[in-house]
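# Coordinate inspection notes
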Amino acid sequence: MPVDLSPLIAATTWWLTRAFPAGGGALTAAVAEAQARQAVTVAAWLRYPTAMDAALVIMAGPGGSARLDRITGVHGDGVAGIEDGAWRSWVDEVVASWAVHLLASPQGARDAVDAVGNCEHASAGTAEFRRLTAPSAHDFAASALLRHPDLVQPIACLHRAELLDRLRLPDPR
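Residues numbered from 1 in each chain as written. Predicted model: local features only at pLDDT ≥ 70, side-chain atom pairs only at ≥ 80, totals over all residues. Heavy atoms only, no water.

### Some words on the packing of aromatic side chains
Condition: In summary, the pairing rule links any two rings of Phe, Tyr or Trp, Trp by its six-membered ring, whose centres are within 6.5 Å, and it sorts them by plane angle into stacked for under 30 degrees, edge-to-face for over 60 and tilted for everything else. Between buried and exposed lies partly exposed: a residue is buried under 20% and exposed over 50% of the maximum accessible area for its type, with that area taken using a 1.4 Å probe on protein chains only. Two conditions define a charge located above a ring, namely a distance within 6 Å from the ring centre to NZ of Lys or CZ of Arg, and an angle within 35 degrees of the ring normal.
Enumeration according to the criterion identifies three aromatic pairs in this entry. Ring geometry for Trp15 against Phe20: centres 6.4 Å apart, planes inclined by 80°, an arrangement best described as edge-to-face. The class of Trp15 is buried, set by a relative accessible area of 0%. Taking the relative accessible area as the measure of exposure, Phe20 reaches 8% and is therefore buried. Taking NZ or CZ as reference, Arg18 lies 3.3 Å from the ring centre of Trp14, over its face.

Here you go:
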């Protein structure tokens with residue numbers, strides 16, 4: 001049985017939606033969060049493909065958002081109900097980097113979803129990644145900042161080479 005990566009996925013999704021917020025109300029924010037969660041889930045499954053990998057990161061901790069916060073200028077966002085930003089310690093920098101790369105690259109997202117199709121985590125149940133791999137016009141509008149290549153580039157480039165290596169793809173640059 002795969003180890004539950006949900007704390008890492010939730011915190012990294014939360015960070016992404018704070019760093020690159022959606023405009024336009026609660027529905028738009030929910031659609032953007034769904035896309036971020038799908039991208040983070042795929043990235044986490046790529047990064048920690050086995051139960052052993054997942055168990056080790058859950059035991060040791062993913063490292064936190066400090067570097068990401070410095071790069072984006074997202075420091076202590078003052079979200080009510082989130083004490084001391086303790087959730088930030090569960091943010092995984094590599095997973096966040098890979099997730100924004102997948103959001104900004106539809107073909108990269110499809111390649112990544114194909115790559116995780118047979119991993120231990122995917123075998124635990126069916127997963128739907130349509131908002132990531134085949135986004136609608138509403139999906140694009142809701143996640144305009146998350147999907148904007150120029151805005152996410154400082155985060156996406158942090159670990160792009162590792163992602164492309166994991167997917168065994170050439171670097172398009």
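Anyway, onward from the coordinates.
### Thoughts on the environment of Ala39
The line we're drawing: The secondary structure listing takes helices from DSSP runs of H or I that are at least 4 residues long and strands from runs of E that are at least 2 residues long, numbered from the N terminus.
With respect to the helices and strands, Ala39 occurs in helix α2 (residues 26-47). Along the sequence, Ala39 and Ala109 sit 70 residues apart, while their C-alpha atoms lie 7.7 Å from each other.

### Looking at the nonpolar core
The following threshold applies: In these notes, a set of buried Ala, Val, Leu, Ile, Met, Phe, Trp, Tyr and Cys residues joined through side-chain atoms within 4.5 Å is what counts as a nonpolar core.
Judged by nonpolar contacts, the single largest core of 45 residues is most densely connected at Leu5, Trp15, Leu16, Phe20, Val42, Leu46 and Leu132. Listing elements by their share of this core, those giving two or more residues are α1 (6-19), α2, α3 (51-60), α5 (93-104), α6 (106-116), α10 (149-156) and α11 (160-167).

### Examining the packing of α2 against α6
The line we're drawing: Here an angle of 0 to 180 degrees is reported between the N-to-C directions of two axes, which are lines fitted to C-alpha atoms, with helices fitted over the stretch in contact. Angular relationships are summarised with four words: roughly parallel below 35 degrees, roughly antiparallel beyond 145, roughly perpendicular across 65 to 115, and oblique for the angles in between. Take the far helix as the reference: if the near one is turned anticlockwise from it by less than a right angle, the crossing is left-handed, and if turned clockwise, right-handed. Note on contacts: a residue pair qualifies if any of its non-hydrogen atoms lie within 4.5 Å across the two residues.
Contact geometry for α2 and α6: axes closest at 10 Å, N-to-C directions at 50°. Judged by the inter-axis angle, α2 sits oblique to α6. Read as a crossing pair, α2 and α6 show a hand that is left-handed. Residues Val42, Trp45 and Leu46 of α2 form the contact with α6, whose participating residues are Ala112, Val113, Ala115 and Val116.

### Here's the deal with the packing of α5 against α10
The angle between the axes and the distance between the axes are what describe a pair of packed helices. Remark: α5 packs on α10, axes separated minimally by 8 Å, with the N-to-C direction vectors making an angle of 150°. It follows that α5 is roughly antiparallel to α10 by the angle criterion. You can see that α5 and α10 cross each other, and the crossing is left-handed. Contact with α5, carried on its side by Ala96, Ser97, Val100, His101 and Ala104, involves Pro149, Val152, Ile155 and Ala156 of α10 and no other residues of that element.

### Comments concerning the pattern of salt bridges
Operational definition: Think of a salt bridge as a Lys or Arg side-chain nitrogen and an Asp or Glu carboxyl oxygen that are within 4 Å of each other.
Using the criterion set out here, one finds five salt bridges in the structure. Close ionic contact of Glu33 with Arg37 constitutes a salt bridge, the shortest N to O distance being 3.3 Å. Of this pair, Glu33 and Arg37 both sit in helix α2, four residues apart, which is roughly one turn of that helix. Residue Glu33 is classed as partly exposed on the basis of its relative accessible area, which comes to 31%. Between Asp139 and Arg130 there is a salt bridge whose closest N-O contact spans 3.6 Å. Look at Asp139 and you get buried, because its relative accessible area is 0%. Look at Arg130 and you get partly exposed, because its relative accessible area is 37%. One network of salt bridges, with partners in common, ties together Arg130, Arg131 and Asp139.

### Details of α5
What counts here: Given a helix with a known number of residues, its expected span is that number minus one, times 1.5 Å. Here a polar contact means two N or O atoms within 3.5 Å. Within protein one must be a hydrogen donor candidate and the other an acceptor candidate, and residues neighboring in sequence count only if both atoms are side-chain atoms.
Compared with an ideal rise of 1.5 Å per residue, which puts 12 residues at 16 Å, α5 spans 17 Å between its outermost C-alpha atoms and is within 8% of the ideal. Counting buried positions along α5 yields 11 of 12 residues, so the element is predominantly enclosed. Among all positions in α5, only Glu93, Val94, Val95, Ala96, Ser97, Trp98, Ala99, Val100, His101, Leu102 and Leu103 are buried. Put simply, Asp92 is the residue that caps the front of α5, since its side-chain oxygen is 3.0 Å from the backbone nitrogen of Val94.

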